[in-house]
Amino acid sequence: MSLWSRFTTAVKRPIDNLGDKVSTWRTERARKKRERRWKQKKERVRQGHEYCVRLLHAQLYDEHLQRIMTARICDVRLAGIGGSRIDALERAGVRTAYDVYHRGEQGLCQVVSIGPKLANALLEWAHTHIPDSVSINSASPGYNRRLRLLKRQHFGLQSADRSGPAPQQHSSEQSYGYRSNFSQDANDDDDTESDFDYYVVLGVPPDASKEEIRAAYRQRMHEYHPDKVAHLGSELRSLAERKAKQLNEAYEALRGS
């Protein structure tokens, strides 16, 4: 080997090693960035879910109070509650213990001839009808349906009532994910969100290789092939078309990353 060959080999080896290190560093940096973004989106979804659960429990508790606190003011004997004041309360929409509890002292004092003293007496009477506890069945279909509706509103999704106008979409929110079976996707289409995470759509982890992304893409696209859904209704065929577009968008984005 000539002196020049030995020189070029000695110089080229460190340069190649440096290039490999730079490429590895860029790949790792991109992976950490995607993972950090994924965790941030998951956290937003978790916080949104907890907020909707608290809101739903408050609504269910209020509805329970409305069903239980049905005692009417006209049937109670309180000092200072005469016919004229009962009529004034009824004209203001305050007829039951729930109405009194809902109005509060400030709302009651706005009714003509009802002062703070009488308002407090009415509130004490209403509080005697508040139940000690309320049981909420989180496994019931009605509970889950209402929770989904609140999530749609919280994340800016279209409501179940397709006749009304669609609310504004929020591009910063995270989807809840998509299942791999088409029939399950058809049942859960209302629960998915307009803005989605590409890794969730393809069903791969954030650190998936390009080969894994390609394999997942081909597997999922096979589920939505026109021959697979040709015998289904127009709504399900339209759903398959939307899912295929999402898969194509996710694959194009991840293939170039």
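This report concerns the structure included in the present document. Please read all numbers here as calculations on a predicted model, not as lab measurements.

Looking at the packing of aromatic side chains
Applying the stated criterion to the full structure yields one aromatic pair. A ring pair is formed by tyrosine 217 and tyrosine 251, whose centres lie 4.1 Å apart and whose planes are at 10°; its orientation type is stacked. Here tyrosine 251 lies in helix α10 (residues 234-255) and tyrosine 217 lies in helix α8 (residues 210-223), a separation of 34 residues in the sequence. Pair check on accessibility: tyrosine 217 and tyrosine 251 agree, each one buried.

Section: the side chain of threonine 96
With respect to the secondary-structure elements, threonine 96 resides in the loop between α2 (83-91) and α3 (97-109). The buried category is assigned to threonine 96, whose relative accessible area is 15%. If we ignore the near neighbours within four places in the chain, the residues touching threonine 96 are Met69, Thr70, Ala71, Arg72, Ile73 and Trp125.

What to know about unusual backbone geometry
Backbone geometry places serine 113, a non-glycine residue, at a positive phi of 75°. Inspection of the secondary structure puts serine 113 in the loop between α3 and α4 (116-127).

Looking at the environment of histidine 225
Within the fold, histidine 225 resides in the loop between α8 and α9 (226-229). For histidine 225, a relative accessible area of 37% corresponds to the partly exposed category. Residues histidine 225 and alanine 240, 15 residues apart in the sequence, show an inter-C-alpha distance of 8.0 Å.

Conventions we followed
- Residues numbered from 1 in each chain as written.
- Predicted model: local features only at pLDDT ≥ 70, side-chain atom pairs only at ≥ 80, totals over all residues.
- Heavy atoms only, no water.
- Phe/Tyr/Trp six-rings, centres within 6.5 Å; stacked < 30°, edge-to-face > 60°.
- Helix = DSSP H or I, 4+ residues; strand = E, 2+ residues; numbered from the N terminus.
- Buried < 20%, exposed > 50% of the residue type's maximum accessible area, 1.4 Å probe, protein only.
- Contact = heavy atoms within 4.5 Å.

Function cannot be inferred from these measures alone, as they are strictly geometric.
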